[in-house]
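# Structure assessment
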Amino acid sequence: MYMQARQAMRIQPDLTQAALRNVNLYVEPPAVRRGQSVTLRCQYTLEGAPLYSVKFYRGQLEFFRYTPGEYPNTKVFHYPGIKVDESVSNATQVIIRNVSFNLSGNFACEVTADAPLFSTATAYAQMQVVEFPEKRPQLFTELTRYEPGDILRANCSTPPSRPRAELRFTINNMPNVDASVLMGMPIFVGKLINAWRLQANVNAAGNSRGNENTNTIMLLRIQI
């Protein structure tokens, strides 16, 4: 009986050594272009207990699960717009192909340890799906040359992009023009398209601020 008691003591799990910690979720890349692939990488440290499951969520809905004690180990749940590449998804990562705009938002991975720990921890991360302008912005002015006292009116538009492109005007290579001199206002803003109208007063020697300048040609530029 003494030997049986010693054997029982040997197989009793040491709960003080079991731990689930350092659970983190990384989106690679965090800003992914529409139609490209993204990796959700779930990292964790599990000691003294086997892994029970790893679950991935978009918002509150589960779309992928890895359970080493089941066959097959992986299970994909239908979610609109999520196309999981199951062949390369496992206990630490999920690969999503051909991402769309509606996938921008919160993702989570939930790690659960099996006996004797029976512990669960969750990590969260944000993903943003973007679209870059395919061409340079277009700038149009009413005239090609201006005299002191004239009012310059210009219109600038960019190809479709998401998030909307931020446009900046410069006159004679001066990006920090006073708001009273350089006024830009949006004239049409859609989900993907951005257009701005500019109005500025032209002062001495073609300089919008009226400072001395030997350059009589005013150079108007835009930046995205």
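Up top you'll find the structure we're talking about.
Structure report, in brief.

What counts as what
- Residues numbered from 1 in each chain as written.
- Predicted model: local features only at pLDDT ≥ 70, side-chain atom pairs only at ≥ 80, totals over all residues.
- Heavy atoms only, no water.
- Helix = DSSP H or I, 4+ residues; strand = E, 2+ residues; numbered from the N terminus.
- Buried < 20%, exposed > 50% of the residue type's maximum accessible area, 1.4 Å probe, protein only.
- Contact = heavy atoms within 4.5 Å.
- Disulfide = S-S within 2.5 Å.
- Lys, Arg positive; Asp, Glu negative; His and termini not counted.
- Salt bridge = Lys/Arg side-chain N within 4 Å of Asp/Glu carboxyl O.
- Phe/Tyr/Trp six-rings, centres within 6.5 Å; stacked < 30°, edge-to-face > 60°.

### Notes on the overall build of the protein
Counting secondary structure elements, the protein contains one helix and 16 strands. Buried positions account for 36% of the 224 residues belonging to the protein. Considering only contacts within the protein whose residues lie at least 6 apart along the sequence, 60% involve residues at least 24 apart.

### Overview of the state of the cysteines
A complete count under the given rule lists one disulfide for this structure. The disulfide that involves Cys42 links it to Cys109, with 2.3 Å between the sulfurs. When the S-S torsion is 70°, as for the bridge of Cys42 with Cys109, the disulfide is right-handed. Linking Cys42 in strand β3 (residues 38-47) with Cys109 in strand β9 (residues 105-113), this pair joins segments that are 67 residues apart in sequence. The burial state of Cys42 is the same as that of Cys109; both residues are buried.

### Some remarks on the side chain of Glu110
Within the element layout of this structure, Glu110 appears in strand β9. Lys55 provides the closest opposite charge to the buried, unpaired Glu110, separated from it by 4.1 Å. In this structure, Glu110 is in contact with Ser53, Val54, Lys55, Tyr57, Thr120, Ala121 and Thr122, ignoring residues within four places of it in sequence.

### Thoughts on the environment of Ser100
Here Ser100 is to be found in the loop between β8 (93-97) and β9. According to the relative accessible area criterion, Ser100 is partly exposed, its value standing at 23%. In this structure the C-alpha to C-alpha distance between Ser100 and Gly35, which are 65 residues apart in sequence, comes to 6.3 Å. Leaving out residues up to four positions away in the same chain, Ser100 has contacts with Arg34, Gly81 and Val129.

### Here we look at the packing of aromatic side chains
Per the stated rule, a full pass over the model turns up three aromatic pairs. Aromatic side chains Phe56 and Phe63 sit 6.5 Å apart centroid to centroid with 50° between the ring planes, which places their arrangement in the tilted category. For Phe63, a relative accessible area of 0% gives the class buried. A centroid spacing of 6.0 Å and a plane angle of 90° characterise the contact between Phe63 and Phe107, whose relative ring orientation is edge-to-face. Within this pair, whereas Phe63 is found in strand β5 (residues 61-66), its partner Phe107 is found in strand β9, the two being separated by 44 residues in sequence. In terms of burial, Phe63 and Phe107 fall into one category: buried. Chaining the aromatic ring pairs together yields one cluster made of Phe56, Phe63, Phe64 and Phe107.

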